[in-house]
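Residues per chain are reported as follows:
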Amino acid sequence: MPDTPPSVPDFTQWPSFPFEGDLRVKQLDEPVPFEPPRRGEADRECTACNAPDEAYIWVGERWRVRAMDRPTGLPMVLILESRSHLDLGDLPNLLAAELGVMTVRLERAVRSLDGVARVHVNRWGDGSAHLHLWFLARPYGRLQLRGTFLSLWDSILPPISEEKWRENLAMVAAWLAEFGGRPLAEPPRIHWQAPSSLSPTAPANAAEEPEDEAVSVIEAADEIPESDAAAGLSDPSAGPSEPDPVPQTGPAPEHAGDSAPDSEDEDEAGPDDAGPDDAADDRPDAARTRES
């Protein structure tokens, strides 16, 4: 006589259950005599132990916090890990006490983000032998995401913007750094670009004026290594340089328009540098006259 499949449980009717329609429960497999080793057990490599500090958003002496490699559907998903290769039940008293402090501290940091109502803290431990706790932020007002299935909704919802995601990471890292450790997440750079052209065509008898170069768009923080970004930033206090006019004592030489400087130096702007209006004030007087 064939086995009768179990009935669908009541939680499939909960408002928080992510799926609808006809559902069927899988048949349960027979138990295995020996469970396979997790990552970090037996001969399996431990990814947490081998990960450098640069892979985390905050690092301390005994704890590290990491994020996903890309934005997901929830405002924030973070993982708290111990530096020592220990599981939850193996923690000595010092780390056990610190785990409680770090859990509360990280929950408060995530809950401080805009649009976050609750923070779910989960520990499963079937994938890795290295202690790791999950922190999942539930968006404010999304009552359908309450409860057990928040981790499923994270994979279903459309990802949040990368700019907002990086801003949230930087906020959490800065919050944790107030109590020690080192923040490694930085907020996104500001994207802006000045106009590449200034005014309509000048009269034919007017001398040519050099066109202002468009300010380069600042690249996203994830595309610039920290060392290269620090080396490539120009002095924000230095403005665009213009050649001093040379007094003319005799008649102007032929092709006066060709004497305009042809240097096209392009300053790299930082997030706090002058905006497009300030850049326009540094244009030659003749160009501003034409534009007005």
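Residues numbered from 1 in each chain as written. Predicted model: local features only at pLDDT ≥ 70, side-chain atom pairs only at ≥ 80, totals over all residues. Heavy atoms only, no water.

## Things to note about the overall build of the protein chain
Piece 1. Along its length, the protein chain carries seven helices and six strands.
Piece 2. Taken from the N to the C terminus, the helices and strands of the protein chain come in the order α-β-β-β-α-β-β-α-α-β-α-α-α.
Piece 3. Residues counted as buried form 32% of the 292 residues belonging to the protein chain.
Piece 4. Put simply, 65% of the contacts in the protein chain that link residues at least 6 apart link residues at least 24 apart.
Piece 5. By element, 51% of the accessible surface of the protein chain is carried by carbon and sulfur atoms, the whole surface being about 19,800 Å². (Helix = DSSP H or I, 4+ residues; strand = E, 2+ residues; numbered from the N terminus. Buried < 20%, exposed > 50% of the residue type's maximum accessible area, 1.4 Å probe, protein only. Contact = heavy atoms within 4.5 Å. Areas by Shrake-Rupley, 256 points an atom, 1.4 Å probe, with all protein chains shown as cover.)

## Description of the packing of helix α2 (residues 93–111) against helix α4 (residues 162–177)
Piece 1. Closest axis-to-axis distance for the α2/α4 pair is 9 Å, and the angle between their directions is 140°. On the basis of the axis angle, α2 is oblique to α4. Between α2 and α4 lies a crossing whose hand is right-handed. Contacts from R105, L106, R108, A109 and V110 of α2 reach α4 at V172, W175 and L176.
Piece 2. Of the residues assigned to the contact of α2 with α4, the class counts are six nonpolar, no polar and two charged. (Axes fitted to C-alpha atoms, helices over the stretch in contact; angles between N-to-C directions. Parallel < 35°, antiparallel > 145°, perpendicular 65-115°, else oblique. Left-handed = near helix turned anticlockwise from the far one by under 90°. Nonpolar A, V, L, I, M, F, W, Y, C, P; charged D, E, K, R; others polar.)

## Here's the deal with the sheet that holds strand β5 (residues 132–139)
Piece 1. The strand order across the open sheet built from six strands is β4-β5-β3-β2-β1-β6, with neighbouring strands paired in antiparallel fashion. The sheet is open, and its two borders are formed by β4 (116–122) and β6 (182–183), each paired with just one other strand.
Piece 2. Here β4 runs beside β5; their pairing, made up of six bridges, is antiparallel. Looking at the pairing, H120 lines up with L136 of β5.
Piece 3. Against the sheet, α2 touches β1 (58–59), β2 (63–67), β3 (77–82), β4 and β5, its axis set at about 155° to β4. (Pairing = 2+ DSSP bridges.)

## Re unusual backbone geometry
Piece 1. At A42, a residue that is not glycine, the phi angle is positive and equals roughly 55°.
Piece 2. In this structure, A42 sits in the segment before α1 (47–50).
Piece 3. With relative accessibility at 68%, the residue A42 sits in the exposed group.

## Re the packing of aromatic side chains
Piece 1. Taken as a whole and judged by the stated rule, the model has seven aromatic pairs.
Piece 2. Residues F17 and F149 carry aromatic rings whose centres are separated by 5.4 Å and whose planes lie at 80° to one another, so their mutual orientation is edge-to-face. Of the two residues, F17 is situated in the segment before α1 and F149 in the loop between β5 and α3 (150–156); the sequence distance between them amounts to 132 residues.
Piece 3. For F149, a relative accessible area of 8% gives the class buried.
Piece 4. Here the guanidinium or amino end of R66 rests over the ring plane of Y56, the centre of that ring lying 4.8 Å away. (Phe/Tyr/Trp six-rings, centres within 6.5 Å; stacked < 30°, edge-to-face > 60°. Lys NZ or Arg CZ within 6 Å of the ring centre and 35° of its normal.)

## A word on the side chain of H120
Piece 1. Mapped onto the elements of the fold, H120 is located in strand β4.
Piece 2. Within the structure, the side chain of H120 is placed 3.5 Å from the backbone oxygen of G147, a separation counted as a polar contact. (Polar contact = N/O pair within 3.5 Å; in protein donor to acceptor, adjacent residues only side chain to side chain.)

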